[in-house]
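# Examination of the molecular architecture
As a plain string of letters, each chain reads:
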Amino acid sequence: MNRVRLGERWVGSDEPCVIVAEAGQNHNGDCALALRLVELAKTCGADAVKFQIRTPELAVPKDQWEILRETPWGDTLSYIDYRRRMELGKAGYDQIARVCGRLGFSWSASVWDIPSLDFLLDYNPPWIKLPSACLTDLELLEASRRTGLLVIASTGMSDETQIARAVSILGPDRLVLLHCTSTYPVTNVRELNLRCIQSLQKRFQCPTGFSDHSTGVWAPLAAAVLGAAIIEKHVTWSRAALGTDHAASVEPDGLARIVRYVRQWEAARGDGIKTVYDSERPVMARLRRVP
């Protein structure tokens, strides 16, 4: 399938690329910072902003609960308490929904478990995002499929057999696969393997895109050239900020450049039919001796 519907638009390799600003949990559990990321994404020209929603008791493996972690707040917490504190909760997402509604800006979230999926559905999202960590959670995949919404699924940490099983559950008709290398905090450029964007599309016959965990702005543009239908890039107000994903994020200038470069590529790629443009004819008359 070359394209799928996302609200009022088509998503596919020959359609304008959907650029999603991944706010993730770069808000560090602070709703004011989350709203700042919404404004940042909108101002820089992204098509949508995305967050992450977990039920920590379900999403965090039990053997990780008591591991101590230094936090962005200057203290040390068990990993389960850290994850609890990172969640924005209903009050936070109510504000995000209001602000995005006022701005006319699309938003959704990665859901890490079924209660988080049910929580997100209360906001009538235009799509559901499944993170790489959940691609093998067959119960969550089945629940996501039953919503009837477009599902965007990242494929980091997965081989083709696991991806094929997920596609068999989700179906290719309302699915976009995002190629991803899930290395944190920053993916090595030699492990980006961007040609997977094309190989996944060829094998699974659905639109594919790219979730970028590398630094800089060049990889999203390369992904667009390779046919990415959706590009997801982490955003932050400062890469020096403390937190999970700031190091692999782009600041406002970087996000604005990604949007600009991708839109310039879309304008430049043309239809592939060689022609003589009217703008060339005066030059041809001046320079070409033999017609």
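The residue numbers shown here count from 1 along each chain, following its written sequence. Local features in this predicted model are restricted to residues of pLDDT 70 or higher, and side-chain atom pairs are both shown and tallied only at a pLDDT of 80 or more, whereas totals for entire chains, interfaces and linings draw on every residue. Based on all heavy atoms of the structure, the side-chain values leave hydrogens and waters out of the count.

### Here we look at the pairing of strand β2 (residues 9-12)
One requirement defines pairing of two strands: DSSP has to find at least two bridges between them. Here a strand is any run of E in DSSP of at least two residues, a helix any run of H or I of at least four, and the numbering for each starts at the N terminus. As defined by bridge partners, strand β1 (residues 3-6) adjoins β2 across four bridges and the pair is classed as antiparallel. By the bridge assignment for β2, Arg5 is matched with Trp10.

### Points about the side chain of Gln25
One can find Gln25 in the loop between β3 (18-24) and α1 (31-43). Per-residue accessibility, obtained with a 1.4 Å probe over protein chains only, is compared with the maximum for each type, and a residue is labelled buried under 20%, exposed over 50%, and partly exposed between these values. On the basis of relative accessibility, which here comes to 3%, the residue Gln25 falls in the buried class. Pairs of N or O atoms within 3.5 Å make up the polar contacts considered here, provided that, within protein, one atom can donate a hydrogen while the other can accept it, and that residues adjacent in sequence are counted only when both atoms are side-chain atoms. In this structure the side chain of Gln25 is engaged in a polar contact, spanning 2.3 Å, whose partner is the side chain of Arg83.

### Let's talk about empty space enclosed by the protein
The distinction between a cavity and a pocket rests on a 1 Å grid over the protein atoms alone: a 1.4 Å probe fits inside a cavity but cannot get out, while a pocket stays open yet meets protein on both sides within 12 Å along at least five of seven lines, and a residue with an atom within 4 Å of a point counts as lining. Grid points are joined across faces, edges and corners, and a volume is the space filled by probe spheres set on the points. Tallied over the entire structure, the rule returns one cavity of 30 Å³ or more. Size it by volume and the largest cavity reaches roughly 40 Å³. For the largest cavity, the full set of lining residues is Ser13, Glu15, Cys17, Ala224, Ala228, Val262, Trp265, Glu266 and Arg269. The element contributing the most residues to the lining of the largest cavity is helix α10 (residues 252-269), with four residues.

### Some remarks on the pattern of salt bridges
Any carboxyl oxygen of Asp or Glu that lies within 4 Å of a side-chain nitrogen of Lys or Arg is treated as forming a salt bridge with it. Scanning all chains against the criterion turns up 17 salt bridges. Taking the shortest distance from any N to any O, the salt bridge between Glu39 and Arg102 comes out at 3.7 Å. Here Arg102 lies in helix α4 (residues 89-103) and Glu39 lies in helix α1, a separation of 63 residues in the sequence. Given the relative accessible area of 33%, Glu39 is considered partly exposed. A relative accessible area of 58% means that Arg102 is categorised as exposed. Put simply, Asp75 and Arg85 hold a salt bridge, and the shortest N to O gap is 3.1 Å. One end of the pair, Asp75, is in the loop between β5 (68-70) and β6 (76-78); the other, Arg85, is in helix α3 (residues 79-86), and ten residues separate them in sequence. Take Asp75: its relative accessible area is 27%, and that puts it in the partly exposed class.

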